[in-house]
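# Reading the structure
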Amino acid sequence: MAGKKTCADYIAMQLLCSDKKGSAPCGSCRECSRVQKHIHPDYIIVEKSKKSFSIEDVRAVVEDSYTAPNDCDRKVYLFADCDGWSDAAQNATLKITEDPPDSAYFIFTGQSENTFLPTLRSRSMLMAVGNPSADECAKALSELLPDHSTDELLSAAKSTGGNIGRAMALIQGDEELINETSLARDIVDSLARGDEYRTAVLLSKAAKTREGLRRVLCAVSYEVRDSAVTRTVTPVEGEKLSRLGTGRLLKMYDALSAAQSRCLLNCNADALSSALCAQLYS
Ligand SMILES: [Zn+2]
């Protein structure tokens, strides 16, 4: 799932906007623009002291939520990408999510609802976030970034699977994202040419961290998925990956998806990337 952060920002704007149109935030008042820039003193993006939120991180938020908001009459806390946090850290949220101070709101995001314990889910309102298609994403980007060419926007939309926030970061020069995207393109290219050795080298380059590997695999899987779909609709001459059969592409997609899930667990990224390479060529 992607688009989570954009969705969280929208909810925060809904809660803090000073010029709401019905239930929708205006998107342009002082509160909305500070939320979008992540500089609103009452929109607190909780920092992780370790790889994921620790009990101490949660306790600090619990304590802070009882203090008065700064500029608005509400405070919104965002725990982004909770995947991999411990049951103990989650349990530390239970009291505050059961009976929060009147002014405090909490947003938790994760890859799937299974990231959260049933006890936390039962205290929350659940929302699933899907991605728009690459074309829809490029269209939305053209309004946000009118100075960029349609080709550039569409290419960014494709490499980020239609995730508007990530596509914008890519166009605006986020270095880590640019490196990951180019690595993902090289992997796709090696798969299209059937160069198993090159795939193995590139995958091990991506496997410096589990999270980095997961993001690269995610970008590769978008390409594989799109090629499988394109192939089903109209086989395009020269389309790199679609030369491989649809069955093979779907098998690759499954292997890539399974590997992405494993990246969220406590496993060795190098071992995972070697096993994946073997599966992609089996
Ligand atoms: Zn507003």
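### Here's the deal with the domain arrangement of the chain
- Domain annotation of the chain identifies domain 1 (4-121), domain 2 (133-173) and domain 3 (177-280).
- Here the C-alpha centre of domain 3 lies 21 Å away from the C-alpha centre of domain 2.
- Across the contact, 7 residues belong to domain 2 and 8 residues belong to domain 3.
- Elements with a contribution of two residues or more to the side of domain 2 that touches domain 3: helix H8 (150-159) and helix H9 (164-171).
- Taken together, the residues that form the side of domain 2 that touches domain 3 break down as 2 nonpolar, 3 polar and 2 charged.

### Some remarks on the pairing of strand E3 (residues 104-108)
- Most of E3 is tucked away, with 4 of its 5 residues classed as buried.
- For strand E2 (residues 75-79) and E3, the ladder comprises 5 bridges, and the chain directions are parallel. Opposite Tyr77, over in E3, you have Phe106 as the bridge partner.

### A few points about unusual backbone geometry
- In this model, His38 sits at a positive phi of 60 degrees, which is unusual for a non-glycine residue.
- Looking at the element boundaries, His38 is found in the loop between helix H2 (30-36) and strand E1 (43-45).
- With a phi angle near 50 degrees, Asp81 is a residue other than glycine that sits in the positive phi range.
- Accessibility expressed as a C-beta count within 10 Å gives 18 for Asp81, which makes it partly exposed.

### Some remarks on the packing of helix H7 (residues 134-144) against H9
- Packing of H7 against H9 leaves a shortest axis separation of 10 Å and a crossing angle of 55 degrees. Here H9 runs oblique to H7, going by the angle between their axes. Crossing of H7 over H9 shows right-handed handedness. Each of Cys137, Ala140, Leu141 and Leu144 in H7 lies in contact with H9, whose residues at this interface are Ile164, Ala167 and Met168.
- Classifying every residue of the contact of H7 with H9 gives 7 nonpolar, no polar and no charged.

### Concerning helix H11 (residues 196-206)
- Listed in full, the buried residues belonging to H11 are Thr199, Leu202, Leu203 and Ala206. One face of H11 carries all of its buried residues, which in axial projection span an arc of 100 degrees.

### Digging into the nonpolar core
- With 30 residues, the main nonpolar core has Ile187, Val216 and Val220 as its most contacted residues.
- The set of elements that each furnish at least two residues to this core consists of helix H10 (175-193), H11, helix H12 (210-233), helix H13 (246-263) and helix H14 (269-280).
- Per-element accounting of this core gives the leading share, 9 residues, to H12.

### Some points on the environment of Ser182
- As for its placement among the helices and strands, Ser182 is situated in helix H10.
- Ser182 sits 23 residues away from Ser159 along the chain, and the two C-alpha atoms are 9.3 Å apart.

### Details of the sheet that holds E2
- What the 3 strands build is an open sheet, ordered E1-E2-E3; its pairing is parallel. Unpaired on one side and paired on the other, E1 and E3 mark the two borders of the sheet. Across the sheet, the mean angle from the axis of one strand to that of its neighbour is 20 degrees, orientation sign disregarded.
- On the sheet, helix H1 (residues 4-16) packs against E1, E2 and E3 and is oriented at approximately 170 degrees with respect to E2.

The rules behind each value
- Residues numbered from 1 in each chain as written.
- Predicted model: local features only at pLDDT ≥ 70, side-chain atom pairs only at ≥ 80, totals over all residues.
- Domains from an automatic or database assignment.
- Contact = placed C-beta atoms within 7 Å.
- Helix = DSSP H or I, 4+ residues; strand = E, 2+ residues; numbered from the N terminus.
- Nonpolar A, V, L, I, M, F, W, Y, C, P; charged D, E, K, R; others polar.
- Buried ≥ 20, exposed ≤ 12 C-beta atoms within 10 Å, placed from the backbone.
- Pairing = 2+ DSSP bridges.
- Axes fitted to C-alpha atoms, helices over the stretch in contact; angles between N-to-C directions.
- Parallel < 35°, antiparallel > 145°, perpendicular 65-115°, else oblique.
- Left-handed = near helix turned anticlockwise from the far one by under 90°.
- Arc of directions from axis to C-beta.
- Core = buried A, V, L, I, M, F, W, Y, C linked by C-beta atoms within 7 Å.

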